[in-house]
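# Analysis of the macromolecular model
The residues making up each chain are set out below.
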Amino acid sequence: MEVNEAIQALVDYAVRTGLIGEEERVWAVNSLLEGLKLDSWTAPQAPVPERPLAEILEVLLDDAHARGVLEENSVVYRDLFDTMLMGRLTPRPGQVVERFRALRAESPQAATDWYYTFSQDTNYIRRDRIARDMQWKVQTEYGALDITINLSKPEKDPRAIAAARELPASDYPRCLLCRENEGYAGRVNHPARQNHRVVPVTINDSPWYLQYSPYVYYPEHCIVFNGAHVPMKIDRACFAKLLDFVGQFPHYFVGSNADLPIVGGSILAHDHFQGGHYAFPMEKAPVDREVEFPGFPDVKAGIVRWPMSVLRITSARPERLVELADRILTSWRGYTDEAAFVFAETEGEPHNTITPIARRRGQAYELDLVLRNNITTPEHPLGVYHPHAELHHIKKENIGLIEVMGLAVLPARLKAELAAVADHLVQGTSLREDSLTASHAEWAEGFRHKYASFTAENALGLVEQETGLVFARVLEHAGVYKRSPEGQEAFLRFIRQV
């Protein structure tokens, strides 16, 4: 495909996906020419066959680099450039909001179905990159856990990192979640967002916005963020906002990362939730011990059969869940049980908080309250209730909302490393002498004799199975109260005093 054909193909794509109207073709071509720094264009005489969007953009990017318009031929610069091109074909924010509101008047799901497809059509969610992610399920004693190796987030290249050091300090946009990202051109240390559109939602009488994550880890992975750049906080108002959102969008779950380091999310400075149209493993986990809270006979409550410490409360009246959740949170914030190694604070530093998740079950409202504690010790400097060192070869990062619910988001390095582990197991060669597998050697040697044989056909699948079992242990480490009789009795001690 040559450049004139690629321009035609891109305009055809925009018309076909509804980003522009048929009557906007000439305007679209001229806008693309401006972005490409071309003075003229000759329309192809024959119709241009449909091509994947990524393939069309690749032709235009290669040509732009050859002509010196694209200064660096690296992923960061190419992303800045192709986002600029797609931004020229993306409807204005007002048009997007109008369409979303019209569909929402019909049904909330019709609105989100359209908006999710739209966010992919604009290439804000890059379908071709999401398709690279590795995903599988592993049966454990807690049910089937979801595992993904994220390959869709591009790694920074050295030239972009060097260029970023030379940029003057900027606090605009203040963070990646701020409303000001909508339409922003980006820079080498901040992604371009000309093709990004957000939709306003009112939550608990305050202005919030809905968007999708560009790195969708699960179906319709959305982000709901406060219109103001204010820190995340788990409190009574947070519970009310979560339940208000699922009241408006009953087909979505929504949850919040905790509000303390180690057990919290990666962006604690901007109040936000994550949600989507997906039933996580934790949602499918049953309650295996019902409990009662005095004064709340209308609220069903229980401990969930899950490696982390989860209280599930359910009621037809969301305001009752807010009342009880606030009581549980207030109690947990100040709760110490030295015998269970639970400390509310040490040297003035608070340790206890909650990761809350809201959903609907028919007409009922449901809150899962995951008890978290971020205390550290010399033995566990990254956190006592955090993956311990022997599991860091698989997962060292914080256990945030998504992992809490049973989806392991594992680092891209594992694609090559797990494949190399599988190769060594097939060949019977040393794992310790290969830099790709040395950190996994003790683990792999531990299950080497668990299976009858490792073959080229089954080895990677078996390694992936064992990886899922490691993730189950990761969640057990992150659980404040273990699943042992002693751990569950300590959990009940907390519940009784609430």
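Details of the structure are given in the entry above.
Residues numbered from 1 in each chain as written. Predicted model: local features only at pLDDT ≥ 70, side-chain atom pairs only at ≥ 80, totals over all residues. Heavy atoms only, no water.

### Looking at the side chain of D337
By secondary structure assignment, the location of D337 is in the loop between α11 (318-333) and β11 (345-346). Contact partners of D337, with chain neighbours within four places excluded, come to V342, A490 and R493. (Helix = DSSP H or I, 4+ residues; strand = E, 2+ residues; numbered from the N terminus. Contact = heavy atoms within 4.5 Å.)

### A short note on the pairing of strand β13 (residues 352-361)
Where burial is concerned, most of β13 is hidden: nine out of the ten residues are buried. In terms of strand pairing, strand β6 (residues 253-255) meets β13 through two bridges, oriented antiparallel. Following the sheet pairing, G255 is matched in β13 by I357. When β13 meets strand β14 (residues 364-373), the two strands line up antiparallel, connected through ten bridges. Note on β14: the bridge partner recorded for T353 is R372. Hairpin connection between β13 and β14: a loop of two residues separates the two successive antiparallel strands, and G362 in this loop has a positive phi of roughly 65°. (Buried < 20%, exposed > 50% of the residue type's maximum accessible area, 1.4 Å probe, protein only. Pairing = 2+ DSSP bridges.)

### Quick notes on the packing of aromatic side chains
Tallied over the full model, the rule gives 24 aromatic pairs. Ring geometry for Y481 and F491: centres 5.0 Å apart, planes at 20°, overall stacked. Highlighted residues: Y481 in the loop between α15 (459-478) and α16 (485-497) and F491 in helix α16, separated in sequence by ten residues. Exposure class is identical for Y481 and F491. Each is buried. In textbook terms, an aromatic cluster arises when at least three aromatic residues are bridged by ring pairs, as seen for F100, W114, Y115, Y116, F118 and Y212. The ring of Y365 is capped by R360, whose NZ or CZ atom sits 4.2 Å from the centre of that ring. (Phe/Tyr/Trp six-rings, centres within 6.5 Å; stacked < 30°, edge-to-face > 60°. Lys NZ or Arg CZ within 6 Å of the ring centre and 35° of its normal.)

### A short note on empty space enclosed by the protein
Enumeration according to the criterion identifies one cavity of 30 Å³ or more in this entry. Approximately 30 Å³ is the volume attributed to the largest cavity. Taken together, A9, D12, R16, V48, P49, E50 and R51 form the lining of the largest cavity. (1 Å grid on protein atoms, 1.4 Å probe; cavity = no way out; pocket = protein on both sides within 12 Å on 5 of 7 lines; lining within 4 Å. Points joined across faces, edges and corners; volume = space filled by probe spheres on them.)

### Comments concerning the pairing of strand β9 (residues 300-304)
Counting buried residues in β9 gives four out of five residues, a clear majority hidden from the surface. Pairing of strand β8 (residues 287-291) with β9, which is carried by four bridges, proceeds in the antiparallel orientation. Note that in β9 the partner of V291 across the bridge is A301. Pairing geometry for β9 and strand β10 (residues 310-315), over four bridges, is antiparallel. Note that in β10 the partner of A301 across the bridge is I313. In this structure, the hairpin formed by β9 and β10 is closed by a connection of five residues.

### A short note on α15
For α15, with 20 residues, the first-to-last C-alpha span of 29 Å sits near the 28 Å given by 1.5 Å per residue. Counting buried positions over the 20 residues of α15 gives 14, a clear majority of the element. (Expected span 1.5 Å × (residues − 1).)

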